[in-house]
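# Tertiary structure, described
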Amino acid sequence: MRVLLVGASGFDACIANRLADAGAMPAFAAFRAQAATGRLHVVHPPRGPLNWVSALTGAAPHEHGIAATMALDLETGVEQPVSMAGSPFKPVWRHYAERGKRAVAVNWPASSGFEAVDGEIIVGDRFFDADHGTPVNEAADAIAGPAQRSAGVDLSKLLVTARDLDRATLATFVPRLDLVEATGDQRIERLASALTRAFSVHAVSTHLLETEPSDLAAVHYELLQQLSDDFLLYAAPQHDAVSDRDHAVWGAVVDAGYRVFDLFLARLAALAGPACRIALVADSGYRTGADRPAFPVRTQEEADNWRNDQGFAAILGPGVVATSLVGAHIRGLASTVCTLGGLEEAISWQLPAWLSFSNNMERAFEIGDGGEQTVANAAMLWSQTEMARLHQLLGAEGHGVAARALLEARYAMAQSLRQVGQIAQAAAILEQIVTLQPHAFRWQSTYFELNLVRRDFDAAQRQIEAAVESALDPVLIAVARAQLLLAQREPEAAIEVLQTAPTAALALRTKADCHARLGQ
């Protein structure tokens, strides 16, 4: 059975359903009517590399070791692209190839540098950077397998550049293009960059589907994520922070992106053929409407806060009954894709497939194993020497941003460990990163929560004392003290502390927890 996997970063089911209901996404509307569909639990924090590598391998981030798109070399201070090649876990297309089947994978995060075996063609994510500063010869290194030339075509010749975008194409996304041209607005360049990459991915994918026989074709698009990060703020309904001009100029960009993605989806499905089973999978959507932040994404924390905590999946094809996928986790994608292709009996997975074709009943969701686990090196504690070097890089001009990105990756690893119940290991990692960045409130807050969960009240008290010395917000300090008292089973004392912060939302929630404890 042939399988087509379409990964769509940033695909939001609410937006897609609205457009499908209005007739603007006919391919998705047809998918939705015939498919088993449902929301997906995702890896936390909801970031692309964590979710997609976890989806492709079935492993958690602290196991496969990939938490970001770039990795920092502590010795040199230089960032390098990460690759699944260094992970002990195999992506799903390798399971196909090892069983004598043919697989094609295009533009998946961390896929560059992954060496192909017989039966595989891998066009890595870095290949599509060629129009954005990467020399073509280096981009060609991101192709593995017999696909440097496919059916006599040099794949690099299929890459779309900004010069290939005509005015009519841009006007589809920005009807008031005249206003942009008059002011020289730089946002048009970000739009053009997202479009050229998406068109390049689609050109290579459709060419390979037409010319290379495959049992599994796996294609990943990040168009909707890139457009949403930059332009969802300007969409309807008009946000209070958005000017009338920006709303008029940029408000249609995201919806136009969904319509283009629908065309991509229709073309891929047509090439795959009616006998193909298709899985459309999204890692996580976005907060929309009034819940949107008042500014475009600029930092990793802002990106985490803007994304919601649910992905989406739609599966259709021979043997698939239109039903609801209940309780599915994105880490179950690998086992599902193998089940769709008839490989399920040969592989052991941490999470089961979303569907069983013996009775087509959805399976229950279980999050990992809270017992003994092998933790990848990427989730191990740093040595004192590495800590000292990272501290040095944090203060070094030109390396500070990369060093903070590494700490974000460590934070993601801690969250992965926390999700499977390894609280002590997660707390140990958080202790390290808050030592290096003591004023990072989000990391401090998570570390404080874990200290309460594992009842390390001394560590929690030290955090409060450090916050007092740093003159942090008195309301936050009062809430932390109350939470500590509540964890120590002293709700009345906690309520007394909260009298100093009677109106703050966090204080009110904590006070409600205290009253609930008193009522038990």
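Here is a short report on the structure shown in this document. (Residues numbered from 1 in each chain as written. Predicted model: local features only at pLDDT ≥ 70, side-chain atom pairs only at ≥ 80, totals over all residues. Heavy atoms only, no water.)

### Some thoughts on the overall build of the chain
- Across its full length, the chain holds 22 helices and 13 strands.
- For the C-alpha atoms alone, the extent of the chain along its principal axes is close to 75 × 60 × 50 Å.
- Among the 520 residues that make up the chain, the fraction classed as buried is 54%.
- Considering only contacts within the chain whose residues lie at least 6 apart along the sequence, 69% involve residues at least 24 apart.
- Of the roughly 22,100 Å² of accessible surface on the chain, a fraction of 52% belongs to carbon and sulfur atoms.
- For the chain, the distance from the average position of its 42 positive side-chain charges to the average position of its 59 negative side-chain charges is 3 Å. (Helix = DSSP H or I, 4+ residues; strand = E, 2+ residues; numbered from the N terminus. Buried < 20%, exposed > 50% of the residue type's maximum accessible area, 1.4 Å probe, protein only. Contact = heavy atoms within 4.5 Å. Areas by Shrake-Rupley, 256 points an atom, 1.4 Å probe, with all protein chains shown as cover. Lys, Arg positive; Asp, Glu negative; His and termini not counted. Charge placed at Lys NZ, Arg CZ, Asp CG, Glu CD.)

### Re the pairing of strand β6 (residues 120-123)
- Of the two faces of β6, both are covered, the one formed by E120 and I122 as well as the one formed by I121 and V123.
- Pairing analysis gives four bridges linking strand β5 (residues 103-106) to β6, with the strands arranged parallel. Looking at β6, one finds that A103 is bridged to E120. (Pairing = 2+ DSSP bridges.)

### Brief notes about a nonpolar patch on the surface
- Judged by side-chain polarity, F441, L476 and L506 come together as a nonpolar surface patch covering roughly 240 Å² of accessible area.
- The topology assignment puts L476 in helix α20 (residues 474-487).
- Residue class for L476 comes out partly exposed when judged on its relative accessible area of 33%. (Patch = residues over 30% accessible without salt bridge, like charges linked within 9 Å, V, L, I, M, F, W, Y side chains within 5 Å. Salt bridge = Lys/Arg side-chain N within 4 Å of Asp/Glu carboxyl O.)

### Description of the nonpolar core
- In terms of nonpolar packing, the biggest core is built from 74 residues, with F11, V174, L191 and L280 touching the most fellow members.
- For this core, the element with the most residues is helix α12 (residues 253-272), which contributes 12 residues.
- If you look at the next biggest cluster of nonpolar residues, it comprises 45 residues, including V82, W93, I122 and A218. (Core = buried A, V, L, I, M, F, W, Y, C linked by side-chain atoms within 4.5 Å.)

### Description of α20
- Compared with the 20 Å implied by 1.5 Å per residue over 14 residues, the 20 Å span of α20 between its first and last C-alpha is a close match.
- Each element contacted by the buried residues of α20 is listed here: α18 (441-453), α19 (457-469), α21 (491-498) and α22 (505-519).
- Taken from the residues just after α20, R489 is the one with a positive phi, measuring 65 degrees. (Expected span 1.5 Å × (residues − 1).)

### Observations regarding the pattern of salt bridges
- Considering all chains together, one arrives at 22 salt bridges under this definition.
- Close ionic contact of R47 with D304 constitutes a salt bridge, the shortest N to O distance being 2.9 Å. A residue pair is termed long-range when its members are at least 10 positions apart, and R47 in the loop between β2 (36-41) and α3 (48-57) and D304 in helix α13 (residues 300-306) qualify at 257 residues. For the residue pair R47 and D304, the accessibility class agrees, reading buried in each case.
- Here R442 makes a salt bridge to E408, at a shortest N to O gap of 2.3 Å. Highlighted residues: R442 in helix α18 and E408 in helix α16 (residues 400-419), separated in sequence by 34 residues.
- On the basis of relative accessibility, which here comes to 15%, the residue R442 falls in the buried class.
- Because the salt bridges share partners, they merge into one network encompassing R47, E301, D304, E408 and R442.

### Considerations on the packing of helix α10 (residues 223-231) against α12
- Between α10 and α12, whose axes approach to 9 Å, the crossing angle comes to 175 degrees. It follows that α10 is roughly antiparallel to α12 by the angle criterion. Of the residues in α12, those in contact with L223, L224, L227, S228 and F231 of α10 are V253, V254, G257, Y258, V260, F261 and F264. (Axes fitted to C-alpha atoms, helices over the stretch in contact; angles between N-to-C directions. Parallel < 35°, antiparallel > 145°, perpendicular 65-115°, else oblique.)

### Points about the environment of A248
- Residue placement: A248 occurs in helix α11 (residues 244-250).
- You can call A248 partly exposed: its relative accessible area is 44%.
- A248 sits 14 residues away from Y234 along the chain, and the two C-alpha atoms are 8.3 Å apart.

### Points about unusual backbone geometry
- Cis geometry is found at the peptide bond from H44 to P45, where omega equals -5 degrees.
- The residue P45 is located in the loop between β2 and α3 in this model.
- Each neighbour pair has its own omega, and for A236 with P237 the value is -5 degrees, a cis peptide bond.
- Among the structural elements, P237 can be located in the loop between α10 and α11.
- Positioned with a positive phi, N107 is a non-glycine residue whose angle comes to about 65 degrees.

### Considering the environment of W443
- Its place among the elements puts W443 in helix α18.
- Taking C-alpha positions, W443 is 7.7 Å from I433, a pair spaced 10 residues apart along the chain.
- Leaving out residues up to four positions away in the same chain, W443 has contacts with R404, L407, E408, Y411, L430, I433, V434 and Q437.

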